[in-house]
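Now for the letters of each chain:
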Amino acid sequence: YNFLSDNAMMLLSVLNIIGMAYVFMMNGSNILERAKSMFYHGKQSNPYTDRTHITKICNLLLYLQLFFYCSIIAFGDMQYSTPYYVGKTPYIVLAAFYLLAAIALLAKRVLYDLYNATLFSEEVAREWRQSYFFTIKLSGFILFPLVVCIIFIKDFSKTYYTIYLIFALLIYTAVVISSAIKIIFKKKCFYLDIFLYLCALELLPIAILWRTIHVINAFLIIKF
């Protein structure tokens, strides 16, 4: 299976680019201001004021982009191990991974709300939620180069795939840790607390998600 020969996937890729162009046209300056506020959070009382508002449709498009990219990346991993079976059922595989990404984000939202409500004040929990999920939405742009390589470069090297995926994960983790220190651990910065917090709510869910991808991989091979 090759993305370049699939007109439907090329159309989805073009629609995604158009959607992101619309996002930057409508809320580009607000996204930039909010991204900047992630680095100087301590210098202002509320980094998420109306001037950094992002419309609902733009938020939705950012999430749809992320789900699309996650499905492509998971699909690419499956192609490395079982290209024959992927070629037989590409749309089923992509749809399964797309749905998995959406469910994982919803589960993470519920998990974070329940966990943070018991640990932090309502104001801190709300501010951390806004910062955290904004970081998740921005992670789609970090994954963009990898997705482009998977789609447009035939037989893209698995080594480069793995290296870039680790690189993207490290950047994401660094931003999350930085935001956590500035928002929820700014008064008492105990690094062990940060480590345990992120292990419970970040590393463990990522490991479970990656394992689920491989379970879906095995199921589709047997089923189809």
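Computed from a prediction, not measured in an experiment: that's the story for all the values here. (Residues numbered from 1 in each chain as written. Predicted model: local features only at pLDDT ≥ 70, side-chain atom pairs only at ≥ 80, totals over all residues. Heavy atoms only, no water.)

J.: Would you mind going over the confidence of the model for the chain in detail, with residue names and values included?
T.: Per-residue confidence for the chain gives a mean pLDDT of 80, with 82% of residues at or over 70. Across the chain, helix α2 (residues 56-81) holds the top mean pLDDT of 89, while helix α3 (residues 83-88) sits lowest at 59. (pLDDT = per-residue confidence, 0-100. Helix = DSSP H or I, 4+ residues; strand = E, 2+ residues; numbered from the N terminus.)

J.: Hey, could you go over the layout of surface pockets for me, with residue numbers and the actual values?
T.: In this approach a probe as big as a water molecule rolls over the atoms, and the regions it shows empty are the leftover space. Taken as a whole, the largest pocket holds about 1,100 Å³ of empty space. In this structure, the largest pocket is lined by 35 residues; those nearest its centre are Cys70, Leu169, Ile206, Leu209 and Trp210. Those elements that place two or more of their residues in the lining of the largest pocket are α2, α4 (90-119), α5 (122-152), α6 (158-183) and α7 (191-223). In terms of residue count, the dominant contributor to the lining of the largest pocket is α4 (9 residues). Among the residues forming the lining of the largest pocket, the class breakdown is 28 nonpolar, 3 polar and 4 charged. (1 Å grid on protein atoms, 1.4 Å probe; cavity = no way out; pocket = protein on both sides within 12 Å on 5 of 7 lines; lining within 4 Å. Points joined across faces, edges and corners; volume = space filled by probe spheres on them. Nonpolar A, V, L, I, M, F, W, Y, C, P; charged D, E, K, R; others polar.)

J.: So, unusual backbone geometry: which residues are in play, and what are the values?
T.: Negative phi is the rule for most residues except glycine; trans is the rule for most peptide bonds. One non-glycine residue, Asp155, lies in the positive phi region at around 60 degrees. One can find Asp155 in the loop between α5 and α6.

J.: Before we move on, could you go through the nonpolar core and cite the residues and values that matter?
T.: Counting residues in each nonpolar core, the largest one holds 44 residues, and the members touching the most others are Phe3, Ile72, Trp128, Tyr132, Ile150, Ile184 and Tyr197. For this core, the secondary structure elements donating two or more residues are α1 (7-37), α2, α4, α5, α6 and α7. Looking at this core, the element that brings in the most residues is α2, giving 10 residues. Beyond its immediate chain neighbours, meaning those up to four positions away, Ile184 contacts Phe120, Val124, Trp128, Ser179 and Tyr197. Of all hydrophobic cores here, the second largest spans 9 residues; its members include Ile54, Cys58, Leu61 and Leu62. (Core = buried A, V, L, I, M, F, W, Y, C linked by side-chain atoms within 4.5 Å. Buried < 20%, exposed > 50% of the residue type's maximum accessible area, 1.4 Å probe, protein only. Contact = heavy atoms within 4.5 Å.)

J.: Describe α5, and please don't skip the residues or the numbers.
T.: Between its first and last C-alpha atoms α5 spans 46 Å; for 31 residues at 1.5 Å apiece the expected length is 45 Å, and the two agree. Of all the bends in α5, the largest measures some 45 degrees and sits at Leu143, one to four residues before the proline Pro145. (Expected span 1.5 Å × (residues − 1). Bend = angle between axes of the 7 residues up to and from the residue.)

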